[in-house]
Amino acid sequence: MDDSLHYLIMANQMLVQKALLYKLKDTGLTIGQPKILDYLSRHNGSNQKEIAKACFLEAGSLTTILNKMEEKGLIRRQILNGNRRSFHIFMTESGKKSQKLVEEAFVEIEEAAWKLSLIHI
């Protein structure tokens, strides 16, 4: 097994993503959606540029994810201050309920990771 830093970071990220998607499999959430809901839980009403930067997503990828989230009723887009070029993204009540499930899943994953890390210390 490769123990270089970049490999370990990449492997850990994939393990967390797999665990998260497994825990959320019955919610209908897909890759990318949990981290956007997580971000919006602290920054509801952010514009798309802010979300893309914070979630490390390209603008085109974010647009695709947001379109699907809007179709599912998780978010709504709104123009603020008359600026038609910039949409702000808000969670709907359904999005807030899904975000709570995401938050619970992250807590469970983090607790399990801490337990594993303490075993190896």
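Per chain, residue numbering runs from 1 following the sequence as it is written. Per-residue local features are limited, in this predicted model, to residues with pLDDT of at least 70; the limit for side-chain atom pairs, both in listing and counting, is 80 or more; totals at the level of whole chains, interfaces and linings are taken over all residues. Side-chain numbers come from the whole structure's heavy atoms, not from hydrogens or water.

## Comments concerning the pattern of salt bridges
Stage number 1. Salt bridges are defined as contacts in which a side-chain nitrogen from Lys or Arg sits within 4 Å of a carboxyl oxygen from Asp or Glu. Overall, the coordinates contain 4 salt bridges when judged by the stated rule.
Stage number 2. When the shortest N-O distance is used, the salt bridge between Arg42 and Asp38 registers 3.4 Å. Note that Arg42 and Asp38 are positioned in helix α2 (residues 33–43) at a spacing of 4 residues, about one turn of the helix.
Stage number 3. The buried label applies to any residue whose accessible area, calculated with a 1.4 Å probe on protein chains only, is under 20% of its type's maximum; exposed applies above 50%, and partly exposed to all values in between. According to the relative accessible area criterion, Arg42 is exposed, its value standing at 52%. Under the scheme used here, helices are H or I runs from DSSP no shorter than 4 residues and strands are E runs no shorter than 2 residues, and both carry numbers assigned from the N terminus.

## Regarding the nonpolar core
Stage number 1. Each nonpolar core is a collection of buried residues, namely Ala, Val, Leu, Ile, Met, Phe, Trp, Tyr and Cys, held together in the definition by side-chain atoms within 4.5 Å. One finds Ile36, Leu40, Ile51, Leu62, Leu66 and Met69 to be the most contacted residues of the largest nonpolar core, which totals 22 residues.
Stage number 2. Residues contacting Ile51, with those up to four places away along its chain left out, are Ile36, Tyr39, Leu40, Ser46, Leu62 and Ile89. The contact criterion used throughout is that any non-hydrogen atoms of two residues lie within 4.5 Å.

## Brief notes about unusual backbone geometry
Stage number 1. Positive phi, close to 55 degrees, is recorded for Phe56, a residue that is not glycine.
Stage number 2. Along the chain, the position of Phe56 falls in the loop between α3 (48–54) and α4 (59–71).

## A look at the environment of Ile109
Stage number 1. As for its placement among the helices and strands, Ile109 is situated in helix α5 (residues 93–119).
Stage number 2. Judged by its relative accessible area of 11%, Ile109 is buried.
Stage number 3. Distance from Ile109 to Lys23, taken between C-alpha atoms, is 9.1 Å for residues 86 residues apart in sequence.
Stage number 4. Residues in contact with Ile109, not counting those within four places in the same chain, are Val16, Ala19, Leu20 and Lys23.

## Points about α4
Stage number 1. In this model α4 runs 18 Å from its N-terminal to its C-terminal C-alpha over 13 residues, within 8% of the 18 Å that 1.5 Å per residue would give.
Stage number 2. Buried residues of α4: Leu62, Ile65, Leu66 and Met69, and no others. Along the axis of α4, the buried residues cluster in a sector spanning 100 degrees; they form a single face.
Stage number 3. Buried residues in α4 make contact with α2, α3, β1 (75–79) and β2 (87–91).
Stage number 4. Just downstream of α4, Gly73 is the residue with a positive phi angle, here 80 degrees. The span one expects for a helix is its residue count, reduced by one, times 1.5 Å. The arc in question is the one traced by the directions running from the helix axis out to the C-beta atoms.

## Some words on the packing of aromatic side chains
Stage number 1. Working definition: rings of Phe, Tyr and Trp (its six-membered ring) pair if their centres are within 6.5 Å, and the pair is stacked with planes under 30 degrees apart, edge-to-face with planes over 60 apart, and tilted otherwise. Within the structure shown, the criterion is met by 0 aromatic pairs.
Stage number 2. By the criterion adopted, a ring carries a charge over it if an Arg CZ or a Lys NZ lies within 6 Å of its centre and within 35 degrees of its normal. Above the face of the Tyr22 ring, Lys25 is positioned so that its terminal group lies 3.8 Å from the ring centre.

## Some details on the environment of Val107
Stage number 1. Within the secondary structure, Val107 sits in helix α5.
Stage number 2. On the basis of relative accessibility, which here comes to 40%, the residue Val107 falls in the partly exposed class.
Stage number 3. The sequence separation of Val107 and Ala59 amounts to 48 residues, and the corresponding C-alpha distance is 28 Å.

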